[in-house]
Amino acid sequence: MERSEVWNKVDEYFGNKLLPLDSTLEQVLLKNKEADIPEIDVSPAQGKFLYLLTKIKAVKNVLEIGTLGGYSSICFARALPEHGKVYTLEISPDFAKVAKENIRNAQCEQKVEVMVGEALDTLPKLKADGLSFDLFFIDADKQNNPQYLKWALELANPGALIIADNVVRDGLVVDGESCDERVQGVREFVDLLENNPRLESTAIQTVGSKGYDGFIMSVVK
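Given the structure is predicted, the values throughout are model-derived calculations rather than measurements.

## Concerning the overall build of the chain
Moving on, step 1. Counting its secondary structure elements, the chain contains 8 helices and 7 strands.
Moving on, step 2. By its C-alpha atoms, the chain is 45 × 40 × 35 Å across when sized along the principal axes.
Moving on, step 3. For the chain, the proportion of its 221 residues judged to be buried stands at 45%.
Moving on, step 4. Considering only contacts in the chain between residues 6 or more positions apart, those separated by 24 or more positions represent 71%.
Moving on, step 5. Between the mean site of the 25 positive side-chain charges and the mean site of the 35 negative ones, the chain shows a separation of 6 Å.

Here is the structure:
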């Protein structure tokens, strides 16, 4: 049996055992596919992981960079208290339209604000509005991860959690000579984490239905 087949079967096993059937999130994935949105959402198990981290940390405000079709936005929103809020940034108006519909159908529209445009244009506006956040989920164009980290530090509450997705890239992250700007963006991001005394960080490699990848998690001191 190939490794990817094993990973899929293990994901399926834990999903059947630990993740109750969620017709709302399944509908999100269906709507995204119908709209030709790339099928690069977090997996159901990863979505539940993000949900649990949000609950464990008693997060009140989330900033998500990269909305896609709103799958992870919904996972975060469900974990928030009544007056909690997810601000999610999406460059594509078409993706954002689908995400808003998905979020509305999940009855999370009161907790999620989808902001359309270049994230690096939107982030200064959040700062100017005096917003700050307990959790950041960086899951957009990897070449800009270093800039997203700098803004996360500008907007972070003390003790905030910063999570970056897709940092292993099937192992390519170790290739310092890679011509892939996404790989180099992740590597620069890691260098910034290494040298910032405000941050305590670790990386977790993952395998499953999304292949071989991983998260980086940092806490702001």
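## Considerations on the packing of helix α3 (residues 44–56) against helix α4 (residues 71–79)
Moving on, step 1. In contact at an axis separation of 8 Å, α3 and α4 are set at 35 degrees when each is read in the N-to-C sense. α3 and α4 meet at a crossing whose hand is right-handed. Taken together, the residues of α4 that come into contact with α3 (itself represented by Pro44, Gly47, Leu50, Tyr51, Thr54 and Lys55) are Tyr71, Ser72, Cys75, Phe76, Arg78 and Ala79.
Moving on, step 2. For the contact of α3 with α4, the residue count by class is 7 nonpolar, 3 polar and 2 charged.

## A closer look at the pattern of salt bridges
Moving on, step 1. Summed over the entire model, instances satisfying the criterion amount to 4 salt bridges.
Moving on, step 2. Between Asp22 and Arg78 there is a salt bridge, with the nearest N and O atoms lying 2.5 Å from each other. Of the two residues, Asp22 sits in the loop between α1 (3–18) and α2 (23–34) while Arg78 sits in helix α4, which places them 56 residues apart along the sequence.
Moving on, step 3. Assessed through its relative accessible area of 32%, Arg78 is described here as partly exposed.
Moving on, step 4. As a salt-bridge pair, Asp139 and Lys142 come within 3.1 Å of each other at their nearest N and O atoms. Each member of the pair, Asp139 as well as Lys142, is classed as buried.

## Thoughts on the sheet that holds strand β1 (residues 61–65)
Moving on, step 1. The strand order β3-β2-β1-β4-β5-β7-β6 describes an open sheet built from 7 strands, whose pairing is mixed. The sheet terminates laterally at β3 (112–116) and β6 (199–208), the two strands that pair on one side only. Averaged over all neighbouring strand pairs, the angle between strand axes comes to 15 degrees, with direction disregarded.
Moving on, step 2. Seen against the sheet, α3 touches β4 (133–138), β5 (156–165), β6 and β7 (211–220) and runs at an angle of roughly 10 degrees to β7.

## Notes on unusual backbone geometry
Moving on, step 1. In this model, Leu68 sits at a positive phi of 55 degrees, which is unusual for a non-glycine residue.
Moving on, step 2. The topology assignment puts Leu68 in the loop between β1 and α4.

## So, the environment of Val59
Moving on, step 1. Structurally, the position occupied by Val59 is in the loop between α3 and β1.
Moving on, step 2. A relative accessible area of 0% means that Val59 is categorised as buried.
Moving on, step 3. In sequence terms Val59 and Ala160 are 101 residues apart; their C-alpha atoms lie 8.7 Å from each other.
Moving on, step 4. Setting aside chain neighbours within four positions, we find Val59 in contact with Thr54, Leu80, Pro81, Asp134 and Leu135.

Quick notes on the rules
Residues numbered from 1 in each chain as written. Predicted model: local features only at pLDDT ≥ 70, side-chain atom pairs only at ≥ 80, totals over all residues. Heavy atoms only, no water. Helix = DSSP H or I, 4+ residues; strand = E, 2+ residues; numbered from the N terminus. Buried < 20%, exposed > 50% of the residue type's maximum accessible area, 1.4 Å probe, protein only. Contact = heavy atoms within 4.5 Å. Lys, Arg positive; Asp, Glu negative; His and termini not counted. Charge placed at Lys NZ, Arg CZ, Asp CG, Glu CD. Axes fitted to C-alpha atoms, helices over the stretch in contact; angles between N-to-C directions. Left-handed = near helix turned anticlockwise from the far one by under 90°. Nonpolar A, V, L, I, M, F, W, Y, C, P; charged D, E, K, R; others polar. Salt bridge = Lys/Arg side-chain N within 4 Å of Asp/Glu carboxyl O. Pairing = 2+ DSSP bridges.

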